[in-house]
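Here's the letter readout for the chains.
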Amino acid sequence: MIDKLKEAFERNLTEGLEQGGAVSVWKDGCELCTICGGEARAGHVWQSSTLVPIYSATKPAAAACLLQALHDCCRDPELPVGDLWPQFPLPRLTIAQLLSHQGGLAALAEPAPLEDLGACRRAIEKSKPLWCPPQHGYHPQTFGPMVDILMTELTGKRVSDYWEERVRRPLGLEFFIGHVPESLYGQVAELRTARMLGAMPRTPFYREYFDECSAVHRAFHSIEGYGSAREMNTPAAWQVGSPAKGGVASARGLAMFYQALLGKLSATPFAPEVAEWMSSPQCSGLDRTLLEHTAFGCGAMCEPEEFFGKGGFGHAGAGGSLGLCRPDSGLSFAYVMRGMELGNLPGKRVVRLLSAISDN
């Protein structure tokens, strides 16, 4: 498997699909391999410890923190959101439904800045849900403040602080949600925007995305700030700590998180129930935001099976990053990169890498 994975990674580099990146595979608490290549930024070779913003691949880590906090309080994700947040527009929505994007609050009535949690809270409370369960639609931006607000109501801490104190620091993970030490700024790769090869994809999603009046467009722009590669290449972005997209990680750090989630690391802070809640599908069908079929557990994607495997779960990040685990085999996989690509799921280069581990 390792030889096949190395060959696939090298093909991505030689065919120009990869500018720089890394892939890491772990199984049952052991690192099988971490492969890296290309440039992290001009003149700097990608190392196994190179960090890079991973956008929405952050979401399962944030969800795991909230779920563990619930478990610590002897609660579960069937708890109604309104029990913690009475002003929430759908107070009887469960936390499981919120984490699986069933709340209909992806597009807000008015925009709010990412760095102002109070403004985000007020904008969410003023908004009218565009759908209710069992319908669902990906919340690319509002997922972050909603999880942060629930965490603060439950524990008095933001997700970024809980992650740093309870997860990242005890495990020594190369996976930060805010709190990136200044001494590591030189290890953060420079993202490059997606290169256009031919015409823009003519899909229902992209037609709606570029219509500024559409709910799809507003879903990606209701929370303002730190969206572009240029913005994400700044220390301010590495410190903002958004639960939706603020993660900065190495491939090894992202893969290790999933090992901890599966209970394969001795110092894991996660109860077994957390992975069970994340891996159990809460919704499946047409996604009202992405306009294609998706399925979600509590804070994690469960489909397509070609990515996550049967019973597996994880999450993609804008541009192509991906983290996942397959509980039945004890395997976790993480891919991070410099060169971003279009699409809501990683493309050819990741499919090629995953095919190399398909028998494991």
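What this report covers is the structure whose coordinates are included nearby. (Residues numbered from 1 in each chain as written. Predicted model: local features only at pLDDT ≥ 70, side-chain atom pairs only at ≥ 80, totals over all residues. Heavy atoms only, no water.)

1. A short note on the packing of helix H1 (residues 2-14) against helix H15 (residues 348-355)
Right, on to step 1. Between H1 and H15, whose axes approach to 8 Å, the crossing angle comes to 165 degrees. By the angle between their directions, the pair H1 and H15 is classed as roughly antiparallel. Once H1 is placed against H15, the crossing between them reads as right-handed. Here H1 contributes Leu5, Ala8, Phe9, Arg11 and Asn12 to the contact with H15, which in turn contributes Arg349, Arg352 and Leu353.
Right, on to step 2. Across the contact of H1 with H15, the residue classes break down as four nonpolar, one polar and three charged. (Axes fitted to C-alpha atoms, helices over the stretch in contact; angles between N-to-C directions. Helix = DSSP H or I, 4+ residues; strand = E, 2+ residues; numbered from the N terminus. Parallel < 35°, antiparallel > 145°, perpendicular 65-115°, else oblique. Left-handed = near helix turned anticlockwise from the far one by under 90°. Contact = heavy atoms within 4.5 Å. Nonpolar A, V, L, I, M, F, W, Y, C, P; charged D, E, K, R; others polar.)

2. Considerations on the pairing of strand S12 (residues 322-326)
Right, on to step 1. Of all five residues making up S12, five are buried, and the element is well covered by its neighbours.
Right, on to step 2. Burial along S12 is two-sided: the residues Leu322, Leu324 and Arg326 and Gly323 and Cys325 are all buried.
Right, on to step 3. The turn linking strand S11 (residues 313-316) back onto S12 is made up of five residues, and Gly319 within it adopts a positive phi angle of 95 degrees.
Right, on to step 4. Between S12 and strand S13 (residues 331-337), which pair antiparallel one after the other, the connecting turn spans four residues, and Gly330 there sits at a positive phi close to 70 degrees. (Buried < 20%, exposed > 50% of the residue type's maximum accessible area, 1.4 Å probe, protein only. Pairing = 2+ DSSP bridges.)

3. Some thoughts on unusual backbone geometry
Right, on to step 1. Residues Pro133 and Pro134 are joined by a peptide bond in cis, for which omega reads 10 degrees.
Right, on to step 2. Within the secondary structure, Pro134 is located in the loop between helix H5 (117-126) and helix H6 (143-155).
Right, on to step 3. Here the residue pair Glu303 and Pro304 is connected by a cis peptide bond, since its omega of 5 degrees sits within 30 degrees of zero.
Right, on to step 4. Looking at where Pro304 falls in the secondary structure, it is placed in the loop between strand S10 (293-296) and helix H14 (305-308).
Right, on to step 5. We note that Tyr226 has phi near 55 degrees; this positive angle belongs to a residue other than glycine.

4. Side note on the side chain of Thr94
Right, on to step 1. Here Thr94 lies in the loop between helix H3 (81-84) and helix H4 (95-99).
Right, on to step 2. With near-sequence residues (within four places) excluded, Thr94 lies in contact with Pro77, Glu78, Leu79, Pro80 and Val81.

5. A short note on the sheet that holds strand S3 (residues 44-45)
Right, on to step 1. Here six strands make up an open sheet; going across it, the order is S3-S2-S1-S13-S12-S11 and the pairing antiparallel. Across the chains shown, the open sheet's two edge strands, defined by having one partner strand only, are S3 and S11.
Right, on to step 2. Judged from the five bridges that link them, S12 and S13 form a sheet pairing that is antiparallel. Paired with Cys325 across the two strands is Ser332, which belongs to S13.
Right, on to step 3. Set on the sheet, H15 makes contact with strand S1 (20-27), S12 and S13; between it and S13 the angle comes to about 150 degrees.

6. Some thoughts on the sheet that holds strand S6 (residues 175-177)
Right, on to step 1. The strand order S4-S8-S6 describes an open sheet built from three strands, whose pairing is antiparallel. Here the strands that pair on one side only, and so sit at the sheet edges, are strand S4 (52-53) and S6.
Right, on to step 2. Here S6 runs beside strand S8 (residues 247-249); their pairing, made up of three bridges, is antiparallel. Across the sheet, residue Ile177 finds its bridge partner in S8, namely Gly247.

7. Topic: the packing of aromatic side chains
Right, on to step 1. Scanning the entire structure with this criterion turns up 16 aromatic pairs.
Right, on to step 2. Taking the centre distance of 5.7 Å and the plane angle of 70 degrees together, the rings of Phe205 and Phe220 count as edge-to-face. In this pair, Phe205 sits in helix H8 (residues 204-209) while Phe220 sits in helix H9 (residues 215-221), placing the two residues 15 residues apart along the sequence. Grouping residues by exposure puts Phe205 and Phe220 together as buried.
Right, on to step 3. Ring geometry for Tyr206 and Phe210: centres 6.2 Å apart, planes at 20 degrees, overall stacked.
Right, on to step 4. Taking relative accessible area as the criterion, Tyr206 reaches 12% and is therefore assigned buried.
Right, on to step 5. Among the aromatic residues, those joined into a cluster by ring pairs are Trp163, Phe175, Phe257, Tyr258, Phe270 and Phe313. (Phe/Tyr/Trp six-rings, centres within 6.5 Å; stacked < 30°, edge-to-face > 60°.)

8. Quick word on the pattern of salt bridges
Right, on to step 1. Scanning the model with the defined rule gives 16 salt bridges in all.
Right, on to step 2. Close ionic contact of Arg11 with Glu15 constitutes a salt bridge, the shortest N to O distance being 3.4 Å.
Right, on to step 3. We classify Arg11 as partly exposed; its relative accessible area is 39%.
Right, on to step 4. Glu15 gets classed as partly exposed once you look at its relative accessible area, which sits at 41%.
Right, on to step 5. One network of salt bridges, with partners in common, ties together Arg11, Glu15 and Arg352. (Salt bridge = Lys/Arg side-chain N within 4 Å of Asp/Glu carboxyl O.)

9. Here we look at helix H13 (residues 272-279)
Right, on to step 1. Within the sequence span of H13, burial applies to Val274, Ala275, Trp277 and Met278. Projected down its long axis, H13 carries its buried residues within an arc of 160 degrees, all on one side. (Arc of directions from axis to C-beta.)

10. Here we look at the environment of Leu324
Right, on to step 1. Locating Leu324 in the fold gives a position in strand S12.
Right, on to step 2. Relative accessible area serves as the criterion here: at 0%, Leu324 is assigned to the buried category.
Right, on to step 3. Sequence spacing of Leu324 and Ala57 is 267 residues, and the spatial spacing of their C-alpha atoms is 9.1 Å.
Right, on to step 4. Once residues within four sequence positions are removed from consideration, Leu324 is found in contact with Tyr258, Phe307, Phe308, Phe313, Gly314, Leu331, Ser332, Phe333 and Leu354.

11. With respect to H5
Right, on to step 1. If you check which residues of H5 are buried, you get Leu117, Ala119, Cys120, Ala123 and Ile124. One side of H5 carries all its buried residues, which in axial view fall inside an arc of 160 degrees.
Right, on to step 2. Contact partners of the buried residues in H5: strand S5 (112-113), H6 and strand S7 (223-224).
Right, on to step 3. Taking the backbone nitrogen of Gly118 as reference, a side-chain oxygen 3.2 Å away marks Asp116 as the first, capping residue of H5. (Polar contact = N/O pair within 3.5 Å; in protein donor to acceptor, adjacent residues only side chain to side chain.)

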